[in-house]
Amino acid sequence: MEFSGNKTDTAQGKSSLNTSAEASGDITTSKRFQIPCCDSGDLKMPTHVAIIMDGNGRWAKKRSLPRLAGHNAGMKAMIEATRAASDWGIKYLTVYAFSTENWKRSQEEVGGIFKLLIKYVESELRELHRNNVKVNVMGDYEKIPAAALVKLKETIETTSNNTGLNLNIALNYGSRAEIIRGIRSLVQKSLQELRELEISEKNDSELKARLEEIITEGSFSRELYTGDELGNIPDPDLIIRTSGEERLSNFLLWQAAYSEFAFTPVMWPEFTREEFKKILDDYSNRDRRFGGRK
Ligand code: FPP
């Protein structure tokens, strides 16, 4: 499947239509492309949008389809959201594709999601690369099935020098685990530094002063997946969750401190470019004060 927006289209602020979906008879996808939506116009665009793609199962159930059909449709929605973000010049798009808790689902569903991931990479890598998209993965993703891991690593490697949209796929991701991992790493570094400075643990006031210097919001942020590992991604400006659920579900807990939230009742497979644009319109009118006053 092709990406719609090439670099020329983006520069002109045009959204373009994908005809390959229509040609392949893919009704779900082609319907989306028939609507010429949407210019980013004068919107105040967020730098970083994060999405909790929820509702694939319910979408499928309503149609008496297996859950995996919902994930397949969800993958198409993810492709379209990525295209839109790239066309609109959004710099970071983080998608919650598989959480640390999702392993509790049936083997069939888990296996199916990773097969979909392989299918996604096989069908999209060329277009992602041509559109200058850089793919990153965040989470304990070395634990995913080997075949999916190989494909992912190939994707990360191929797109590593791209400078357009950063597509961050959260895989085997859990925010609490991410925080604990960050704490462990920072404590280790702190101990090392204290040893080098030869500060005795008995010297309470000296110890406290040094730790206040070493352990800061900034140094802790750099230990998270979104930190040094991925080039210090700015915190999400906007977090979208579909399907009517209104919670974070262990997603970007630290990074969401000042994020705006948008909840939509739309099930993820039905999340279109138009819905995305509506949310961005609304975001554009919000007044963000980060705890301060005007
Ligand atoms: C949440 O819906 C969705 C997921 C847990 C999986 C997300 C997967 C995709 C969007 C497609 C696969 C793409 C990749 C890149 C792996 P749910 O199943 O929790 O829906 P429900 O709450 O209605 O049951």
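A. How the structure looks around helix 5 (residues 67-87). Given a rise of 1.5 Å per residue, 21 residues ought to cover 30 Å, and the 30 Å separating the end C-alpha atoms of helix 5 matches this to within 8%. The buried fraction of helix 5 amounts to 17 of the 21 residues, a majority that puts the element mostly inside the structure. In the segment just after helix 5, Gly89 is the residue with positive phi, at about 75°.

B. Representation of helix 7 (residues 146-158). The first and last C-alpha atoms of helix 7 sit 18 Å apart over 13 residues, in line with the 18 Å expected at 1.5 Å per residue. Next to the buried residues of helix 7 lie helix 6 (107-130), strand 3 (134-138) and strand 4 (166-173).

C. Region of interest: the pattern of salt bridges. By the definition in use, this model includes 23 salt bridges. Between Glu80 and Arg273 there is a salt bridge, with the nearest N and O atoms lying 3.1 Å from each other. Of this pair, Glu80 sits in helix 5 while Arg273 is found in helix 11 (residues 273-284), placing the two residues 193 residues apart along the sequence. Here Glu122 and Lys151 are joined by a salt bridge, their closest N and O atoms 3.3 Å apart. Of this pair, Glu122 sits in helix 6 while Lys151 is found in helix 7, placing the two residues 29 residues apart along the sequence. For Lys151, a relative accessible area of 22% translates into the label partly exposed. The network of salt bridges with shared partners includes Asp54, Arg58, Arg241, Glu245 and Arg247.

D. The arrangement of the site of the ligand in detail. Residues in close proximity to the ligand total 17 residues, the closest being Asp54, Gly57, Arg58, Arg67 and Arg105. One of the backbone N or O atoms of Gly55 is found 3.4 Å from an oxygen atom in the ligand. A distance of 2.7 Å separates an oxygen atom of the ligand from a polar side-chain atom of Arg58. Compared with its free state, where it exposes 620 Å², the ligand has 92% of that area covered by protein. For the shell around the ligand, the secondary-structure elements that each account for two or more residues are helix 4 (56-62), helix 5 and helix 6. Element by element, the count of residues in the shell around the ligand is highest for helix 5, at 5 residues. Considering only residue class, the shell around the ligand consists of 7 nonpolar, 6 polar and 4 charged.

E. Local environment of the packing of helix 6 against helix 7. For the pair helix 6 and helix 7, the least separation of the axes is 9 Å and the interaxial angle reads 20°. In terms of orientation, helix 6 and helix 7 fall into the roughly parallel class. By crossing handedness, the relation of helix 6 to helix 7 is classed as left-handed. Counted together, Phe114, Leu117, Ile118, Val121, Glu122, Leu125 and His129 of helix 6 and Ala147, Ala148, Lys151, Leu152, Glu154, Thr155 and Thr158 of helix 7 form the full contact between these two elements. A breakdown of the residues in the contact of helix 6 with helix 7 according to their chemical character gives 8 nonpolar, 3 polar and 3 charged.

F. Local environment of the sheet that holds strand 2 (residues 92-99). Reading across from one edge, 3-4-2-1-5-6 is the order of the 6 strands in this open sheet, with parallel pairing throughout. In the strand order of this sheet, the two ends are held by strand 3 and strand 6 (260-263), each with one partner. For this sheet the average axis-to-axis angle between neighbouring strands, irrespective of direction, equals 20°. Bridge count for strand 1 (residues 48-52) against strand 5 (residues 238-241) is 4 bridges, and the pairing is parallel. Its bridge partner being in strand 5, Ile52 is matched across the sheet by Arg241.

Criteria and cut-off values
Residues numbered from 1 in each chain as written. Predicted model: local features only at pLDDT ≥ 70, side-chain atom pairs only at ≥ 80, totals over all residues. Heavy atoms only, no water. Helix = DSSP H or I, 4+ residues; strand = E, 2+ residues; numbered from the N terminus. Expected span 1.5 Å × (residues − 1). Buried < 20%, exposed > 50% of the residue type's maximum accessible area, 1.4 Å probe, protein only. Contact = heavy atoms within 4.5 Å. Salt bridge = Lys/Arg side-chain N within 4 Å of Asp/Glu carboxyl O. Near = heavy atom within 4 Å. Polar contact = N/O pair within 3.5 Å; in protein donor to acceptor, adjacent residues only side chain to side chain. Areas by Shrake-Rupley, 256 points an atom, 1.4 Å probe, with all protein chains shown as cover. Nonpolar A, V, L, I, M, F, W, Y, C, P; charged D, E, K, R; others polar. Axes fitted to C-alpha atoms, helices over the stretch in contact; angles between N-to-C directions. Parallel < 35°, antiparallel > 145°, perpendicular 65-115°, else oblique. Left-handed = near helix turned anticlockwise from the far one by under 90°. Pairing = 2+ DSSP bridges.

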